[in-house]
Structures are given as C-alpha cells and as structure tokens.
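Chain by chain, the residues:
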Amino acid sequence: IPALVLNAFEGRGPIHVLQIDAHIDFRDEIEGIRDGYSSPMRRASEMPWVERIVHVGARGVGSARPADVADSIKCGNALITAREVRERGVERVLREFPEGVNIYIAIDCDGLDPSVMPGTSCPMPGGLSFYEAAGLIQGLVHRGHVIGMDIAEFFPALDIQGLTALAITRLITILMGTMVRAGAGGIR
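Undergrad: Quick one: what's the story with the environment of Ala-134, residue by residue and with numbers?
TA: Considering the arrangement of structural elements, one finds Ala-134 in helix H6 (residues 130-143). Residue classification places Ala-134 among the buried residues on the basis of a relative accessible area of 4%. In sequence terms Ala-134 and Ala-22 are 112 residues apart; their C-alpha atoms lie 17 Å from each other. The contact partners of Ala-134, leaving out residues within four places of it in the chain, are Leu-171 and Ile-174.

Undergrad: Can you tell me about the packing of aromatic side chains, naming the residues and giving the values?
TA: Overall, the coordinates contain one aromatic pair when judged by the stated rule. Seen in terms of ring centroids, Phe-130 and Tyr-131 are 5.6 Å apart; in terms of plane orientation they differ by 80°. Their pairing is edge-to-face.

Undergrad: If you had to explain the packing of H6 against helix H7 (residues 163-182) to someone new, which residues and values would you point to?
TA: Contact geometry for H6 and H7: axes closest at 9 Å, N-to-C directions at 25°. By the angle class used here, H6 and H7 are roughly parallel. Seen along the crossing, H6 lies across H7 with a hand that is right-handed. Of H7, the residues touching H6 (which contributes Phe-130, Ala-133, Ala-134, Ile-137, Gln-138, Val-141 and His-142) are Ala-167, Arg-170, Leu-171, Ile-174, Leu-175, Thr-178, Met-179 and Ala-182. Among the residues making up the contact of H6 with H7, the classes are represented as eleven nonpolar, three polar and one charged.

Cut-off values and rules
Residues numbered from 1 in each chain as written. Predicted model: local features only at pLDDT ≥ 70, side-chain atom pairs only at ≥ 80, totals over all residues. Heavy atoms only, no water. Helix = DSSP H or I, 4+ residues; strand = E, 2+ residues; numbered from the N terminus. Buried < 20%, exposed > 50% of the residue type's maximum accessible area, 1.4 Å probe, protein only. Contact = heavy atoms within 4.5 Å. Phe/Tyr/Trp six-rings, centres within 6.5 Å; stacked < 30°, edge-to-face > 60°. Axes fitted to C-alpha atoms, helices over the stretch in contact; angles between N-to-C directions. Parallel < 35°, antiparallel > 145°, perpendicular 65-115°, else oblique. Left-handed = near helix turned anticlockwise from the far one by under 90°. Nonpolar A, V, L, I, M, F, W, Y, C, P; charged D, E, K, R; others polar.

Right, here's the structure in full:
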C-alpha cells in the first residue's frame, strides 16, 4: 500500500516516511518479483520525492537480511528497533524528522505488540505499545505535515475479540483529532 499511495505524490515532495513494522520491507526482489509483499519500502525509496524512510519496530528473525539493512542505511534511511523505542522513548524517533516536513505514516499491524494487535499474519512479541504508536502519530502531527497514513496486514479472521480493529480505529481517530486540534492537514 505505501508504495502505491506514495506514487500518487509525484512532484509533491520531499516526503519523509515513518514505517512502523516488524520488517523493513526493503527486499529488491524475490524470485523476480520486484513489487511484492517484501519490497514496498525499497520501491518507495526509489521515488525521487521520497526523501527518507524511518523504519521503526523491526525485530526478530526474518525481519530483514543484512544486505537489505545495509541498502536502506546506504539510502540515508534510519532503522530504530522496537526495543530502542521502549528504552529511549518516542522522542528518539521524532528527532529523525526535521521540523515542517511532509510525513507519510505506514503502519503494519505486526509493528505493534500482539497484545495490542493480535489480528495479523505474523504476530511477534516485543512490538510497539499502543501508547508508543499513538505518541508517534501525535508527535509527527506537531512536528510536520502528516499527508497520509495507511494501516496494513490486518487479518480480521485472526483478531481476538476485535482488539486489532479497535486499536486501528483508535489510531485513526487519534490522527484525525490531533490534526483538527493542531489545525493541520494537507501537503505543503
């Protein structure tokens, strides 16, 4: 979803991306497929109007190959693990975004802890808490211009008592409410 949405912003950059995900999604290709499940952030980084990606929440075996991490860092992107957010706080992430920039937020449900979002195909312990994710959203609205947000990898059949759906709804509501209170919105 992020690469498809960001493609619509051609000529309207620069755009900085916050990606909350258990994986950095920076594979170049898998079996010849370049626009697959593991590649959206790599494709986004190739767009001249996408200035930088801040990957947040990566953890666990299979979250990225060493070459993928090296390639992303070589592009000027930042990688902040979920553990680092827990230890150093959301301010550590917010400092990666210059004041006043355009920001797109891409959230995969597995970026949050399964106690918050169990309804995903790849639940992994140690993800961001609800309040860490909410704090990032609120902080970015006050730091720059949030131009959009997507939430992906929600599997309703795997959700427990609608907890993931509720968390998604609350994060969207927090984004909208914070933007209204801040008088923010739209690309500049």
